[in-house]
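Observations on the model geometry
One-letter residues, chain by chain:
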Amino acid sequence: MPDTTTSAAPALQLDGVSLDYRLGRQRVRALDDVSFSIGQGEIVALVGESGSGKTTIAGAVTGLLPRTATIASGRILVDGTDVTRLTESRWSRIRGRKVGLIPQDPGASLTPVLTIGDQVAEIFAIRGERLGRAERRAKAIELLEVAEVSRAADRLTQYPHELSGGLKQRILIAIAFGLNPALLVADEPTSALDVTVQKQILRVFDRLAREHGSSVLFVTHDLALATDHASRALVLQRGRLVDDAQVSEIVDDARVGYTRELIAHARATQSALPPADAADETDAGAGTAPGTGTAPPALEVRGLTRSFAGRRGADATLAVDDVSFAVPAGRTVALVGESGSGKSTTARMILRLVDPTSGEVRVGGRDVTAVQGRDRLTLWRTVQLVYQNPDSALDPRWTVGRIVAEPLAAMGLYPAGERRARVQELLDAVALPEGTIDKRPGELSGGQRQRVAIARSLAPNSSVVVLDEALSALDVITQERVLQLIERLQRQFGVSYLFISHDLSTVRRLAHHVVVLRAGRVVEQGSAREIFTAPRTDYVRELLDAIPGHRLLAGTGSPTRTAPNAQTAPTAPTAPNAQTAPTAQTVPTEGASPR
Amino acid sequence: MRVPRGVGELPLPGPATALSALLVLVLVAWLAVPGLFTGYDPLVGDSAEVFLAPSVAHPFGTDHLGRDVLARVIHGTTQTALTAGLAVLVGLALGTAIGLASSTLGPWADAISMRVIDALIALPAFMVALFVVAAYGAGPVSLGVGVGIGSIVLFARVTRAEVLRVRALDYVEASKLAGAGYFRQLFGHILPGASGALIALAVVDFGAAVLAVSALGYLGFGTPPPTPEWGLIIAEGRNYLANAWWMTSLPGTFVLLVVVALGVLGRYLGKATRA
């Protein structure tokens, strides 16, 4: 294999690459005439919504495409070598040495049956270095320490399952940089991690890339993250490269319409001030419970605790420890925390899917902590749940009409003849296009599916909806649209939301009141404005600081100018009347992903 | 997760799948109207035409009584397929019931039913079928039930695994939150979700049952002669292996092809419903 590494050759070059997937009997074009190049030492972000072809590019560049993919035309050069049609055996000599990959899911990317030491030592074998045992160990420790893996020497004898996701990702980063490839592809390297961990990992990543002078293709759906860590951004939309510009240009003045749209959405979520204080004064016309102060809260939780028995002999662990908060009628309370903080367990206790060890749950003043049998149905008529992943929350065999009517049928609400009309009314309320009622979930986009799930949660006229990471599985733009829908439904129907999220930027957009959980305990709670502008604890300050998008906000669109009227959707200056439902035309642009 | 709902949405079958499907279609036709495919009588032979080698007139040759072997195979489809079908039905009904009980009725039901299944696993299926036939007398019904008991294990295991998989999906919990009771969840979501794997298994198991029924028929535990049945046809040729190889080899090869075809089809259906 000729080694054509010259300083002139770009680390990566794509010339008019078009790529198709075979999907059943048809071919679906995933990439359409994509051309770009990455210079030596350049850090370039590849941004796009899901289904835009980001991961396909990452796969094509690393030789890891599924067998249903064929490159129809064009050329891919990695560090001067043409890799467009390489056999697997030739790829195996290029991967690692010329192209490194930092994968999305660190949990699935280390071999579970080998120790970390063995897996790191593979680097030396690939590099063809014959080292003694002690030398190998010393070098492995050194590598891990460079990636800031704590207690590196101990890690060598540990297995992947003994480590946290953040540590595993550091080890994968250490391995990738250890081979010092000309090009590193990082495919959503932190999307499986908590914000604070994400921040630390990316700091390490940035430093290593600088020190090694590596060229990096940073694949992400998060524009804020891209602008924070890359110097140039490539924007993909439905398989086409629509923009290729310096980050500084994009932030100040994006020339391409789609990029501008992405920037505006990202900036809106970053900069919006919480609706909390403003709500009480300006939102009087919304027609929601006027006497919020005296009426019992829609949902109240007092001293809620749940312990899980430890293994034999071990102490029981407290998943949720003495959590108290209240959700006033017609308001949104956010339950915020990193993974494992007890958010979901709290939600499941409220819904009587998990029994609390102690504490009390009250809905509209009534104690529902231990309701059984028929009374549970009454609880579920009032409190409903929207799941994180709309793909698994809707039965793929059922039509949308049947899915939304399920609570009506199962709870015996509305006479059978009127159910279809009620379902249509709900589908209209969530702005789904005409005819959706007879479709199946597989025919809808992710955002549309989540709208169906929201419609189902409102079907029994529920007054409290628990949104369990309900926006996390959606793209930025889709997320923004669903977020606007959620806000509108609250004004329209006066529903209260318990909004569970690890994503502080959406919390900032939506919540009136924020409860921050850590390891099962409430570390801080208060009005959203207090939490976001004057946090009292270091932990919350750290969380806020970890939100990506600093560079985005430092751009021209200063947050203070767009924010004062927090009630109008700041991203839709053309539609000042936020009461108007998003029109049906906006919905199809959410784009079904061609999976 | 995409679930194909019509034939139009099934993934493109390969050549092996297409050929298998063709063979199964032919079998269905033979089952429905055997008389259309052969002019010969399967029971009464022509004494002038004994032991004729395969030819255009008699593709599978003729036997010791001058009967056309292909005619006997065609007419034998009914007997073999119905017996194997009974076996699948028994396995599917009892197996699914046990699998459902173990996966939905709580830890006690699970422990007890799975130990029963473990005990069944320890007994070779073929031997179970032999016991049943020995106890209740040779005949298609006892044969079908006997073979079916052997496949309960498979159906129970697969049902249990599938139900546990589907039950963990959010939409089943959502159905519970929507107020659906046990049966509404079971028949609305869980069983339809598990049905793909069960249908695929039923097809594969049908092939296995054809083989078991033929084998037991060969041993004389099935339908008494002269009723044509695949196993019996092969058994009758056994005495003439030296001078009339076609009497055993051709029907035997045919049974083999049928079993393989059903296996291929089952695999295809399994993949298609999981995709």
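Before any of the text, the structure's been laid out above.
Residues numbered from 1 in each chain as written. Chains lettered and ligands numbered in written order. Predicted model: local features only at pLDDT ≥ 70, side-chain atom pairs only at ≥ 80, totals over all residues.

1. A closer look at unusual backbone geometry
Residue and element names in this part refer to chain A.
- Its identity as a non-glycine residue notwithstanding, Glu188 has a phi of 45 degrees, on the positive side.
- Looking at the element boundaries, Glu188 is found in the loop between β7 (183–187) and α7 (195–212).
- The class for Glu188 is partly exposed, based on 19 C-beta atoms found within 10 Å. (Helix = DSSP H or I, 4+ residues; strand = E, 2+ residues; numbered from the N terminus. Buried ≥ 20, exposed ≤ 12 C-beta atoms within 10 Å, placed from the backbone.)

2. Remarks on the packing of helix α4 (residues 133–146) of chain A against helix α6 (residues 165–178) of chain A
Residues and elements named next belong to chain A.
- Two elements in contact, α4 and α6, have axes whose closest approach is 8 Å; the angle formed by their N-to-C orientations is 115 degrees. Looking at the two axes, α4 sits roughly perpendicular to α6. At the point where α4 passes α6, the crossing takes the right-handed sense. In this structure, α4 uses Leu143, Leu144 and Val146 to contact α6, whose residues at the interface are Ile171, Ala174 and Gly178.
- Of the residues assigned to the contact of α4 with α6, the class counts are 5 nonpolar, 1 polar and no charged. (Axes fitted to C-alpha atoms, helices over the stretch in contact; angles between N-to-C directions. Parallel < 35°, antiparallel > 145°, perpendicular 65-115°, else oblique. Left-handed = near helix turned anticlockwise from the far one by under 90°. Contact = placed C-beta atoms within 7 Å. Nonpolar A, V, L, I, M, F, W, Y, C, P; charged D, E, K, R; others polar.)

3. Some remarks on the interface of chain B and chain A
- In this assembly, 17 residues from chain B lie in contact with 21 residues from chain A.
- Contributing elements (two or more residues each) for the side of chain B that touches chain A: α6 (170–177) and α7 (182–218) of chain B.
- With 5 residues, α6 of chain B is the largest single contributor of residues to the side of chain B that touches chain A.
- Here the side of chain B that touches chain A is composed, by residue class, of 11 nonpolar, 3 polar and 3 charged.

4. Examining the environment of Val476 of chain A
- Positionally, Val476 of chain A belongs in helix α18 (residues 476–493).
- Sequence separation between Val476 of chain A and Thr196 of chain A is 280 residues; the distance between their C-alpha atoms is 20 Å.

5. Quick word on the sheet that holds strand β18 (residues 496–501) of chain A
Residues and elements named next belong to chain A.
- Spatially, β16-β17-β18-β13-β19-β20 is the arrangement adopted by the 6 strands of the open sheet, whose pairing is mixed. Edge positions in the sheet fall to β16 (383–386) and β20 (521–527), since each of these pairs with one other strand and no more. Adjacent strand axes in the sheet meet at a mean angle of 15 degrees when their direction is disregarded.
- Sheet topology places strand β17 (residues 464–468) next to β18; 5 bridges connect them, and they run parallel. The residue bridging Val465 from the neighbouring strand is Tyr497, located in β18. (Pairing = 2+ DSSP bridges.)

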